[in-house]
Amino acid sequence: TGVAARHGILIKDAQALEIAHQVDTVAFDKTGTLTVGQPRLRLIEAVPGADEEAVLGAAAALQAQSAHPLAHAVLEAAAARGMTVSADAAREVQAVTGRGTLGQIKGVTLALGSLRWMDELGVPLGPLALSVHRHQADGATVSLLASRAGEDQPWSALALLAFGDEPKPGAAGALAALKAQGLKTVMVSGDNRGAAEAMARRLGMDVDGGAVIAEVLPGDKAAVV
């Protein structure tokens, strides 16, 4: 266990080590494990009539206090455009685990997060529908920014944000080495299926053979394992 620890491998207990030879499947998370974990905002596309820079500013204000990799990507994109994001611009900000961020800016309630969450909230994709599907097919992680004027008002989409990440150096080689030993490798990800499968293909995983289990909430990953 000491040697393993020096190589970044933590072993839960003696029993785990004793039965390790029985392992036939290794499950990986995607972001930060098989990927670098530093996604970049590829693009932001606002609905007709909405100002793209204002939308990006609102998204950045919502994410100002978040440590999530996608939040960092939004803040970096805002900084690259010379925008100053005030930490108190958004009020009543709350993180919704596995889904996104909710808050208020100038009396308007905003939600920024996964398409799954937007579907749960009843947010219509409207004019963004075609772009959402296109970017997902291209392997992007897609989030949506939506707003509503009050508790009794319907949600409406403001913009889509498409993010991209890169494979972690050595990840493809590690997966290949495990495969050579006869082990099955699986990616369990909370990302959309298009993005997860696109990354898995870049890593040489058997996507057609069921190597990708996508759109899994953080609390459900242990059950998948």
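Further up the page is the structure itself.
Residues numbered from 1 in each chain as written. Predicted model: local features only at pLDDT ≥ 70, side-chain atom pairs only at ≥ 80, totals over all residues. Heavy atoms only, no water.

Enquirer: How do you make sense of unusual backbone geometry when you look at a structure like this?
Expert: With the exception of glycine, most residues fall at negative phi, and the peptide bonds are largely trans. For Glu-92, which is not glycine, the phi dihedral falls at a positive 50°. Exposure remark for Glu-92: the relative accessible area of 61% places this residue in the exposed category. Positioned with a positive phi, Glu-215 is a non-glycine residue whose angle comes to about 60°. Since its relative accessible area comes to 41%, Glu-215 is described here as partly exposed. (Buried < 20%, exposed > 50% of the residue type's maximum accessible area, 1.4 Å probe, protein only.)

Enquirer: In this structure, what is going on with the environment of Gly-126? I would like to understand it.
Expert: Counting through the fold element by element, Gly-126 comes out in the loop between α5 (115-121) and α6 (129-137). Under the relative-accessibility criterion, Gly-126 is labelled partly exposed at 48%. Residues Gly-126 and Lys-168, 42 residues apart in the sequence, show an inter-C-alpha distance of 35 Å. (Helix = DSSP H or I, 4+ residues; strand = E, 2+ residues; numbered from the N terminus.)

Enquirer: How do you make sense of helix α4 (residues 69-80) when you look at a structure like this?
Expert: The periodicity of an α-helix, 3.6 residues per turn, causes residues three or four places apart in sequence to face the same way. Here α4 is 12 residues long and its end C-alpha atoms lie 16 Å apart, about the 16 Å a rise of 1.5 Å per residue gives. Of all the positions in α4, only Leu-70, Ala-71, Ala-73, Val-74, Ala-77 and Ala-78 are classed as buried. In a view along the axis of α4, the buried residues occupy a sector of 160°, so they form one face of it. Away from the buried face of α4 by more than 90 degrees, exposed residues Ala-79 and Ala-80 are located. At its buried positions, α4 is contacted by β2 (40-46), α3 (52-63), β6 (141-148) and β7 (156-164). (Expected span 1.5 Å × (residues − 1). Arc of directions from axis to C-beta. Contact = heavy atoms within 4.5 Å.)

Enquirer: Explanation requested: the sheet that holds strand β1 (residues 25-28) in the structure shown.
Expert: Read from one edge to the other, the open sheet built from three strands follows the order β1-β8-β9, with strand pairing classed as parallel. Only two strands of the sheet have a single neighbouring strand rather than two, namely β1 and β9 (212-213). Relative to β9, strand β8 (residues 184-188) runs parallel, the two sharing two bridges. Its bridge partner being in β9, Met-187 is matched across the sheet by Val-212. (Pairing = 2+ DSSP bridges.)

Enquirer: Mind showing me how you'd approach the side chain of Thr-109 here?
Expert: Mapped onto the elements of the fold, Thr-109 is located in strand β5 (residues 108-114). Its relative accessible area of 11% is what places Thr-109 among the buried residues. At 3.5 Å, the side chain of Thr-109 forms a polar contact with the side chain of Gln-104. Ignoring any residue separated from it by four or fewer positions in sequence, one finds Thr-109 in contact with Leu-102, Gly-103, Gln-104, Ala-146, Ser-147, Arg-148 and Trp-155. (Polar contact = N/O pair within 3.5 Å; in protein donor to acceptor, adjacent residues only side chain to side chain.)

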